[in-house]
Amino acid sequence: MSERSHHRRPATFKLDDPAVIVMDPDDASRPSRGTVHITPEADPALLPVPVETPIVPVQRGFRWGAVFWTAIGGLTLLGLGLGVTQLIEDLFARSEGLGFLGLAFAIAATLAFAVVVAREAFGLARLATIEKLHLRAAAVLVSDDRAESRAIVNDLLGIAHQNPHLARARAALQGHAGDIIDGADLIRLAERELMTPLDQEARRLVSSAAQRVSIVTAVSPRALIDVLFVFAASLRLIRQLARLYGGRPGALGMIKLMRHVIAHVAITGGMAASDSLVQQVLGHGIAAKLSQRLGEGVLNGLLTARLGLAAIDVTRPLPFTALPRPALGDLAKDLLRKREGEG
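Everything quoted here is computed from the prediction, not taken from an experiment.

Definitions and limits used
Residues numbered from 1 in each chain as written. Predicted model: local features only at pLDDT ≥ 70, side-chain atom pairs only at ≥ 80, totals over all residues. Heavy atoms only, no water. Helix = DSSP H or I, 4+ residues; strand = E, 2+ residues; numbered from the N terminus. Contact = heavy atoms within 4.5 Å. Patch = residues over 30% accessible without salt bridge, like charges linked within 9 Å, V, L, I, M, F, W, Y side chains within 5 Å. Areas by Shrake-Rupley, 256 points an atom, 1.4 Å probe, with all protein chains shown as cover. Salt bridge = Lys/Arg side-chain N within 4 Å of Asp/Glu carboxyl O. Axes fitted to C-alpha atoms, helices over the stretch in contact; angles between N-to-C directions. Parallel < 35°, antiparallel > 145°, perpendicular 65-115°, else oblique. Left-handed = near helix turned anticlockwise from the far one by under 90°. Nonpolar A, V, L, I, M, F, W, Y, C, P; charged D, E, K, R; others polar. 1 Å grid on protein atoms, 1.4 Å probe; cavity = no way out; pocket = protein on both sides within 12 Å on 5 of 7 lines; lining within 4 Å. Points joined across faces, edges and corners; volume = space filled by probe spheres on them. Buried < 20%, exposed > 50% of the residue type's maximum accessible area, 1.4 Å probe, protein only.

Novice: Account for the environment of Ala169, with residues named and values stated.
Specialist: Mapping Ala169 onto the fold places it in helix H4 (residues 167-177). Between the C-alpha atoms of Ala169 and Leu157, which are twelve residues apart in sequence, the distance is 9.7 Å. Each residue touching Ala169, except ones within four places of it in the same chain, is listed here: Glu193 and Leu194.

Structure (structure tokens):
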């Protein structure tokens, strides 16, 4: 189109008007005077679907380090067992009542240890299921496999069944799932129905954690307190997000999630994005209007928000396709707006 066409006033045209010509978007020819050239927009349904990089690291071969620590753990447990057995025998030798008391304590400790191990195993299995579900959904968005998409939706409904707040979303998804033919469209429908309320709650959790860190680190007198509080707040936020999306991480599960979150931040270049955002904040003079401590609190809040957004990508059972991904810039604007109001 000509340079003057950008300032054309709105007008109506007939479809059979010979002066209206439909142009190809790649056509670089100049239009003739007295004609109106229209460039049709691409159909969103025909656009390529962005596929995310797998968040699960590549499985390696045989690990001798795992064998070493497993053997050390086994020897430690055997040593503890022998020590407890010797202790109970000594208690029985001194007094029958003390022996039964020690035996009761040993049974209670063994039972509690078995429950803890079972919970840790269940948490790791649940996290692995969500990770595999994420990868399967990303593959279906490319292959458009209808049968696999239905299996994924069934697994999602099984995970969402434990959340009473998703009862209406589950009913709506089950009611419309039979009308969808394409596998990729079924995944998008499941994301819109099931992930919309969870994403809204996840954004609220990240924003609240970032504001809390910003306030506490702005008034704390020591840098060590800042570091410890940011670390504790990040752990709490990651656990909350994992539980929100259906995970049940224990101690080992949290270690695994922290590794994945840090790896995700490194792979996606999140720290570089945070640096550019900080430069933009400083360039506009917003941080200059705040005190030095408030400025440090804002930066700590942004760091917490970035970790929270990475945790959403890691713990979410579906990739972002039909719904927009939460942006750090939006959370930063909310955080700066709140800090300016307090300053």
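Novice: Pulling in residues and values, what's your account of a nonpolar patch on the surface?
Specialist: The grouping of Phe68, Trp69, Ile72, Leu75 and Leu78 at the surface amounts to a nonpolar patch, some 590 Å² of accessible area in total. Here Leu75 is to be found in helix H1 (residues 64-94).

Novice: How would you sum up the packing of helix H2 (residues 96-143) against helix H5 (residues 183-219)? Please name residues and give values.
Specialist: As a packed pair, H2 and H5 sit with axes 7 Å apart at the nearest point and diverge in direction by 135 degrees. Accordingly, the angle class assigned to the pair H2 and H5 is oblique. Crossing of H2 against H5: the hand is left-handed. Between H2 and H5, the residues in contact are Ala137, Val140 and Leu141 and Gly183, Ala184 and Ile187, respectively. Of the residues belonging to the contact of H2 with H5, the class tally is five nonpolar, one polar and no charged.

Novice: If you had to explain empty space enclosed by the protein to someone new, which residues and values would you point to?
Specialist: Applying the stated rule across the entire model yields one cavity of 30 Å³ or more. Approximately 40 Å³ is the volume found for the largest cavity. As for the largest cavity, its lining consists of Leu127, Ile130, Glu131, Ala242, Gly247, Leu257, Val314 and Thr315. Of all the elements in the fold, those that place two or more residues in the lining of the largest cavity are H2 and helix H10 (292-315).

Novice: How would you summarise unusual backbone geometry if you had to cite specific residues and measurements?
Specialist: Of note, the phi angle at Asp144 is positive, near 60 degrees, even though the residue is not glycine. Inspection of the secondary structure assignment puts Asp144 in the loop between H2 and helix H3 (146-160). For Asp144, a relative accessible area of 33% gives the class partly exposed.

None of this, on its own, says anything about what the molecule does.
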